[in-house]
Amino acid sequence: MNRLNIELPGLSMKNPVMPASGCFGFGQEYAKLYDLSRLGAIAIKATTVETRFGNPTPRVAETSSGMLNAIGLQNPGLEKVIANELVWLEKYDVPIIANVAGSKVEDYILVAEQISKAKNVHALELNISCPNVKEGGMAFGTNPEVASELTKLVKQVSDVPVYVKLSPNVTDIVEMAIACEEAGADGLSMINTLLGMRIDIKKRQPILANGFGGLSGPAVKPVAIRMIHQVSQAVSIPIIGMGGISTAEDVIEFFLAGASAVAVGTANFVDPFVCPNIIDDLPRVLDELKVDHISELIGGSWK
Amino acid sequence: MIVENMEIISQRNIASKVYELVLKGPELVHLASQGQFLHLKVSEGTDPLLRRPISIAQINQEKDELTVIYRAEGKGTSMLALKQAGEEVSVLGPLGNGFSIKETKPGNVAILVGGGIGVPPLYELSLQLVKVGVKVVHVLGFAGNDDVFYEEKFTELGETYVATMDGTYGDKGTVIDVIEEKGLTFDTIYACGPTPMLKAIENSFPEKKGFLSLEERMGCGIGACFACVCNVKNDPTKTAYKKICTDGPVFAIGEVEL
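Now for a description of the structure that goes with this document. (Residues numbered from 1 in each chain as written. Chains lettered and ligands numbered in written order. Predicted model: local features only at pLDDT ≥ 70, side-chain atom pairs only at ≥ 80, totals over all residues. Heavy atoms only, no water.)

**Regarding helix α3 (residues 105-115) of chain A**
Residues and elements named next belong to chain A.
- Taken as a whole, α3 has its buried residues at D107, Y108, V111, A112 and I115. When α3 is viewed along its axis, its buried side chains cluster within an angular range of 120° and face the same direction.
- Against the buried residues of α3 lie β4 (42-47), α2 (78-89), β7 (96-100), β8 (121-127) and α4 (144-157). (Buried < 20%, exposed > 50% of the residue type's maximum accessible area, 1.4 Å probe, protein only. Helix = DSSP H or I, 4+ residues; strand = E, 2+ residues; numbered from the N terminus. Arc of directions from axis to C-beta. Contact = heavy atoms within 4.5 Å.)

Rendered as structure tokens:
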């Protein structure tokens, strides 16, 4: 009996674990280490219309139990992602979630329309929460009306279900989630990184060339758990939970908060085998908790 | 590339804040070559979270041992410096593309130029070059007398010059000053050190065949996170890039923007 399979809009997953967008490239590096077909899904790196180089370096800085990044959505651009990266991924038996980013509404629409036609793209993740780009990105994800309007437009052109990736950098995450659900989102993914900064005390200036960046890793986990706990009680669409997951126990905690699947981000940088390790370890934790199927735990902390 | 728990055989303080760490394990050492680096997890917990990229200074296949040399500058490396023989460290590696010894013909002269904590990877490179009959000359630059290490070990392999910025040891000045003042000639140049030093080498010897090892803050070390990218030279669009962790850390002179 499969105790881990999960069915979500567009996504028929062997298990609930996927690498998070931006932490896994387009899979090629990790494919040298293990069979990508073992993953529940793969959220590929954000795709924009044009090729983007991203921000100047340093792009990463460490913090206690976490890291700051300001990569700046570096990617080869829509055409190359479809022609090269997605075609290369076709040999794996794993659904792909394409993360869609842009600086203008038209960019999001163009990327969503075209990338959703790729045969292995089973869902879109609408990135309205990237803190590291000057235009667009998070600006779309901090105002409910703007997020709602963009979600509606993307839904109109997408051939596959749309998950909206929420920013934690808002006063009321529930308001944002409800606005996206009402606009037709098929699911939510949360949380993106928290805005942060570190300063080099010798140089008296920020470590990141971009100044600020997004905080991720175990340090943000309680924020993610709290927000998922709140949002999952206010909406009826499923949530892909993320934020500092590095163990099977963390996955269970996210399910209990209200997530129906999870994404593992920063932990891939510490241990490149973390995703398959978590998947292999989940049955042990289910045994300990005397749970037959992981889906029984969804929202278990408040139901 | 594998993840291996390696045993610490020894840890020695060899210069101001500089440590030589010898690690032993059955597999990883046999995959390693000169100029590659290791990604070390210095804490069991989550602080610091990321691994530390440290270049390989010596590969001892017979004894299954790898030597790395690092400066205990920040939190992670300071924690690593406290570890003692018998303890284990999780090592991801070997990573990156190192120095190619085939770029220098036997009998030709290779000059190896290192600055500070950029010196260590040149040691295994020198061992390998000597093995194939290349004549090696070393020019090692340090901040001051307290920072100098491995001078004797390099001297055993070939002519070795040491320069310090403050003149408290060897010749006063930069590695470039030494090469010019001593009138050193060579067929190939290999260098590792701070970016200003690498830029000076590129500007001083633009027509020479040379290879530079770069350093940058890294995330994953395996090419997935895009933290350590650099621009490619002569790219008007400024969108072409190289990843220092996987395309490098060694690049030919003129290949990337320093």
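**Overview of the packing of aromatic side chains**
- Scanning the entire structure with this criterion turns up 13 aromatic pairs over all chains.
- Note on A:Y108 and A:F140: the rings are 5.0 Å apart at their centroids and 75° apart in plane angle, and the pair reads as edge-to-face. In this pair, A:Y108 is assigned in helix α3 and A:F140 in the loop between β8 and α4, connecting sequence segments 32 residues apart.
- According to the relative accessible area criterion, A:F140 is buried, its value standing at 10%.
- Relative to B:F205, the ring of B:F186 has its centre 5.2 Å away and its plane inclined at 80°; by these criteria the two rings are edge-to-face. Of this pair, B:F186 sits in the loop between α4 (175-181) and β11 (188-192) while B:F205 sits in the loop between α5 (195-204) and β12 (209-213), and the two are 19 residues apart along the sequence.
- The class for B:F205 is buried, based on a relative accessible area of 10%. (Phe/Tyr/Trp six-rings, centres within 6.5 Å; stacked < 30°, edge-to-face > 60°.)

**Overview of the interface of chain A and chain B**
- The partner chain B presents 32 residues to the 32 residues of chain A that form the contact.
- Across the chain A to chain B interface the summed buried area is about 2,600 Å²; carbon plus sulfur atoms make up 64%.
- Ranking the residues of chain A by area buried against chain B places A:F53, A:E62 and A:V270 at the top, with a combined share of 25%.
- Seen at the junction of chain A and chain B, the total is three salt bridges.
- The closest approach of N and O atoms between A:E62 and B:R52, which form a salt bridge, is 2.5 Å.
- At the surface where chain A touches chain B, the tally comes to eight residue pairs in polar contact (both at pLDDT 80 or more).
- Every element with two or more residues in the side of chain A that touches chain B is listed here: α1 (28-31), β5 (60-63), β6 (66-69) and α8 (267-270) of chain A. (Buried area = accessible area lost by both parts, 1.4 Å probe. Salt bridge = Lys/Arg side-chain N within 4 Å of Asp/Glu carboxyl O. Polar contact = N/O pair within 3.5 Å; in protein donor to acceptor, adjacent residues only side chain to side chain.)

**Concerning the sheet that holds strand β9 (residues 162-165) of chain A**
Residues and elements named next belong to chain A.
- Spatially, eight strands are ordered β3-β16-β15-β10-β9-β8-β7-β4 in an open sheet, and the strand pairing comes out parallel. With one partner strand each, in any of the chains shown, β3 (17-19) and β4 form the two edges of the open sheet. Strand-to-strand twist of the sheet, defined as the mean angle between neighbouring strand axes without regard to direction, takes the value 25°.
- Sheet topology note: the β7/β8 ladder contains five bridges and is parallel. Residue I97 lies in a different strand from β8, and its bridge partner there is A123.
- Along the sheet face, helix α7 (residues 248-257) touches β15 (239-242) and β16 (261-264) and points at about 135° away from the line of β16.
- Contacts from helix α9 (residues 274-288) reach β3 and β16 within the one sheet, and its direction differs from that of β3 by about 175°. (Pairing = 2+ DSSP bridges. Axes fitted to C-alpha atoms, helices over the stretch in contact; angles between N-to-C directions.)

**Re the packing of helix α6 (residues 221-234) of chain A against α7(A)**
Residues and elements named next belong to chain A.
- Where α6 meets α7, the closest approach of the two axes is 8 Å, and the angle between their N-to-C directions is 30°. Here α6 lies roughly parallel to α7, going by the angle between them. Counting all contacts with α6, which are made through K221, A224, I225, I228, H229 and S232, the residues of α7 involved are D250, E253, F254 and A257.
- Grouping the constituent residues of the contact of α6 with α7 by class yields five nonpolar, two polar and three charged. (Parallel < 35°, antiparallel > 145°, perpendicular 65-115°, else oblique. Nonpolar A, V, L, I, M, F, W, Y, C, P; charged D, E, K, R; others polar.)

**Overview of a nonpolar patch on the surface**
Residues and elements named next belong to chain A.
- On the surface, a cluster of nonpolar side chains totalling about 360 Å² of accessible area is made up of L195, M197, I199 and F212.
- In this fold, L195 is placed in strand β11 (residues 194-196).
- Judged by relative accessible area, which is 39%, L195 ranks as partly exposed. (Patch = residues over 30% accessible without salt bridge, like charges linked within 9 Å, V, L, I, M, F, W, Y side chains within 5 Å. Areas by Shrake-Rupley, 256 points an atom, 1.4 Å probe, with all protein chains shown as cover.)

**Focus on unusual backbone geometry**
All names here are of chain B.
- The omega torsion of the bond from D47 to P48 falls at 0°, within 30 degrees of zero and hence cis.
- Tracing the sequence through the fold places P48 in the loop between β3 (37-41) and β4 (52-60).
- Here the amide bond leading from G93 into P94 is cis, since omega sits at -5°, within 30 degrees of zero.
- Position of P94 relative to the elements: it lies in strand β6 (residues 88-95).

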